[in-house]
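Structure assessment
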2 protein chains.
Amino acid sequence: MTISKAAAIGGGVIGAGWVARLLLNGIDVSIFDPDPEAERKVGEVMKGARRAYRQMLPEGLPKEGKLTFAKTIAEAVADADLIQESVPERLELKHKVLAEIDLHAPANAIVGSSTSGIKPSDMQVAMKKHPERLVVAHPFNPVYLLPLVEIVGGEQTFPEAIEVAKELYSSIGMKPVVIRKEIEAFVGDRLLEAAWREALWLIKDGICTVEELDDIMRYSFGLRWAQMGMFQVYRIAGGEAGMRHFMAQFGPCLKWPWTKLMDVPEFNDELVELIATQSDEQSSKWSIRELEKIRDENLVAIMDVLSKTNGGKGWGAGTLHKDYVKRLGKLAKKPVSQAAAKAKATKPVKKAARAAGKKG
Amino acid sequence: MTISKAAAIGGGVIGAGWVARLLLNGIDVSIFDPDPEAERKVGEVMKGARRAYRQMLPEGLPKEGKLTFAKTIAEAVADADLIQESVPERLELKHKVLAEIDLHAPANAIVGSSTSGIKPSDMQVAMKKHPERLVVAHPFNPVYLLPLVEIVGGEQTFPEAIEVAKELYSSIGMKPVVIRKEIEAFVGDRLLEAAWREALWLIKDGICTVEELDDIMRYSFGLRWAQMGMFQVYRIAGGEAGMRHFMAQFGPCLKWPWTKLMDVPEFNDELVELIATQSDEQSSKWSIRELEKIRDENLVAIMDVLSKTNGGKGWGAGTLHKDYVKRLGKLAKKPVSQAAAKAKATKPVKKAARAAGKKG
């Protein structure tokens, strides 16, 4: 199952990342974002995404999908089969937007919410027509490169919607992982939040600076987690005795005073200032755009190299990356039929042309 | 400043990892470990480490240092300038071992403890002669590949000892980060512990399996953290508005019910069994040795590829890796002088030969 046309509601960092991934897969996207700067911002993200995809596909990219800026949600979602909602994390706003999407979207379209934390059950109550097709589809920044998407269904979500969502997101090179029980913040952000809270304490207490903390991560366990998660890493750490040994050895540490778990640091101006100042010291020599460029180049390089290890079979994100690049490469080489090429020249039949260009 | 001879007290996963890094840097190591299996276990780690280093240096490795199994701590530390303690994490055992090391080590030798969590001040009280030369030097598994070493001084540690330790660990390709204030578990393990505790809850509550959790990590933020830490990543996530914007947007989430922060999961047999069983399902198709091989190949590949990004200058662990491989490559090519080659043939002057082979 593939996506014929997508709609993006919200074009911030995450929304624009979705738009970039979809367009670079040759899929037309209609976007709605009331920000007058939206077009410029999406354009910036597209520039970065194109550069990253050129690194993946030096021989050429597939023909990009067409991006349309819609004036209303109704217009954006009218003929989409995937609608990705990426508006700010306020429940009342999600309700308003999802109600509007629900009212105007084709009945069988999948509605994916990019929320990092709100439970789908709490959102789908606002959808009066077809709440059963709402799933949380929580991606990670940059969306056009990182493959993970957490899929979470709510009380009213049909299992079929989850199956279709898995297929749709897989079709654009992603790794959908279905979360078994609905909880706030799902899995990825629970882990991130736990580490983030601890990190704030470490900075606040002057144990290290943000740069030192970042170095500690990227010269050690960050390198491990790019290819194996914590359980597989710890299984190895247990040595020949494996996981049970590791658990027996390190389990009790949980009760030791090794984290600030009982408390949340007060999030005041002083802490924000401390962190922002240290962050400037660490990174202000690069603009955000330069940092994005470096990040993207590194991400592509890591996924590419992981696609070649393990006897050439690839490993983890590398195996997926290999398939993705191969598929995009084929898409790029696909000859456009005469009829399709002609049709492309005229707006109204654009969709037929796209379909012809994509099949097979 | 370089290491002429090292001693390793304890040859478990971490101790043997130190031994491997040192030997592969051409440094002689004397090890003490009462485990009758120690020699075999260290041999296994050496096998893996050699394979990884051959991947880094296909044209040949430097001549390995000589490994000696000492019968006592006194014998092991006798003429070492770096002594690495990696015994199990029990304070009374650390005290016993450190007292013994202190008694017999050369006065100016640095004593580095591999402890993951015990404060150096709590350990050095057992050292009656020279507590001022104890530092925590906390590495990450696999020690022969991951560059980070957290350096922590205690109340009695001289600042000079920290400076010397930084130089010694740097000389074997590592990235020392000095922790500014002494706390239990330092920085890396605080972050790991926070994530680990949250992960245990997620498994216990049936939100996901260990395999799903690992996938969630390695297809998303794990790829990010191999090259940028969380603060730099979040700076970018703030978009054009940067870090202050990110903090303003996500700060309040800390107060939301997004983690199980107020509680520690009960670490009972049921939880151990659940995790160990799921870990078997995820990974039992590979032996621990096979997993180590895959992990090491991936780590070398990632560091290697990161040594080529950023306009060829490399980035993060990649830049360090590039220098390390270059240095080892030079060491491997260094012609052994006639005299040194001759001396090498006879045991007693071996050290002179090694010194000749290492200088310049």
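So, how was this worked out
- Residues numbered from 1 in each chain as written.
- Chains lettered and ligands numbered in written order.
- Predicted model: local features only at pLDDT ≥ 70, side-chain atom pairs only at ≥ 80, totals over all residues.
- Helix = DSSP H or I, 4+ residues; strand = E, 2+ residues; numbered from the N terminus.
- Buried ≥ 20, exposed ≤ 12 C-beta atoms within 10 Å, placed from the backbone.
- Contact = placed C-beta atoms within 7 Å.
- Pairing = 2+ DSSP bridges.
- Axes fitted to C-alpha atoms, helices over the stretch in contact; angles between N-to-C directions.
- Core = buried A, V, L, I, M, F, W, Y, C linked by C-beta atoms within 7 Å.
- Nonpolar A, V, L, I, M, F, W, Y, C, P; charged D, E, K, R; others polar.
- Least-squares fit on C-alpha atoms with pLDDT ≥ 70 in both.
- Expected span 1.5 Å × (residues − 1).

1. A closer look at the overall build of chain A
When you go through chain A residue by residue, the secondary structure sums to 16 helices and 8 strands. By residue count, 54% of the 360 residues in chain A fall in the buried class. The contacts of chain A with a sequence gap of at least 6 include a subset with a gap of at least 24, amounting to 67%.

2. Focus: the sheet that holds strand β5 (residues 110–113) of chain B
Residue and element names in this part refer to chain B. Strand order in the open sheet formed by 8 strands is β3-β2-β1-β4-β5-β6-β7-β8, and the pairing between neighbours is mixed. With partners counted over all chains shown, the strands left at the sheet margins are β3 (67–69) and β8 (175–178), one partner each. Direction aside, the axes of adjacent strands within the sheet are offset by 25 degrees on average. When β5 meets strand β6 (residues 134–139), the two strands line up parallel, connected through 3 bridges. What sits directly across from G112, in β6, is V135.

3. Notes on the nonpolar core
One recurring pattern in soluble globular proteins: nonpolar side chains tend to sit buried together. If you look at the biggest cluster of nonpolar residues, it comprises 218 residues, and the most contacted ones within it are I302(A) and I302(B). Discounting chain neighbours no more than four positions away, the residues touching I302(A) are A226(A), L223(B), A226(B), I302(B) and V305(B).

4. Let's talk about the interface of chain A and chain B
Between chain A and chain B, the residue contacts involve 100 residues of the former and 100 residues of the latter. Grouping the constituent residues of the side of chain A that touches chain B by class yields 58 nonpolar, 20 polar and 22 charged.

5. Some points on the relation of the copies chain A and chain B
In this arrangement, two copies of a chain are superimposed by a rotation about an axis accompanied by a shift along the axis. Rotating chain A by 180 degrees and translating it 0.0 Å along the rotation axis places it on chain B, where the RMSD comes to 0.0 Å. Taken together, these values place the two copies in the relation of a two-fold axis. Taken together, the interface assignments show that 100% of the residues at the interface of chain A recur at the interface of chain B, consistent with an identical surface on both copies.

6. A short note on the sheet that holds strand β1 (residues 5–9) of chain A
Residue and element names in this part refer to chain A. Within the open sheet, the 8 strands sit side by side as β3-β2-β1-β4-β5-β6-β7-β8. Their pairing is mixed. Two strands bound the open sheet, and with one partner strand each, they are β3 (67–69) and β8 (175–178). Neighbour to neighbour, the strand axes of the sheet diverge by 25 degrees on average, direction disregarded. Pairing analysis gives 5 bridges linking strand β6 (residues 134–139) to strand β7 (residues 148–153), with the strands arranged antiparallel. Its bridge partner being in β7, V135 is matched across the sheet by G153. Its contacts with the sheet place helix α4 (residues 91–104) against β1, β4 (82–85), β5 (110–113) and β6, and it is angled at close to 170 degrees to β4.

7. A closer look at helix α4 (residues 91–104) of chain B
Taking 1.5 Å of rise per residue, the 14 residues of α4(B) would be expected to cover 20 Å, and the 20 Å separating its terminal C-alpha atoms lies within 8% of that figure. As for α4(B), its buried residues are in contact with β1 (5–9), α3 (73–77), β4 (82–85), β5, α5 (120–124) and β6 of chain B.

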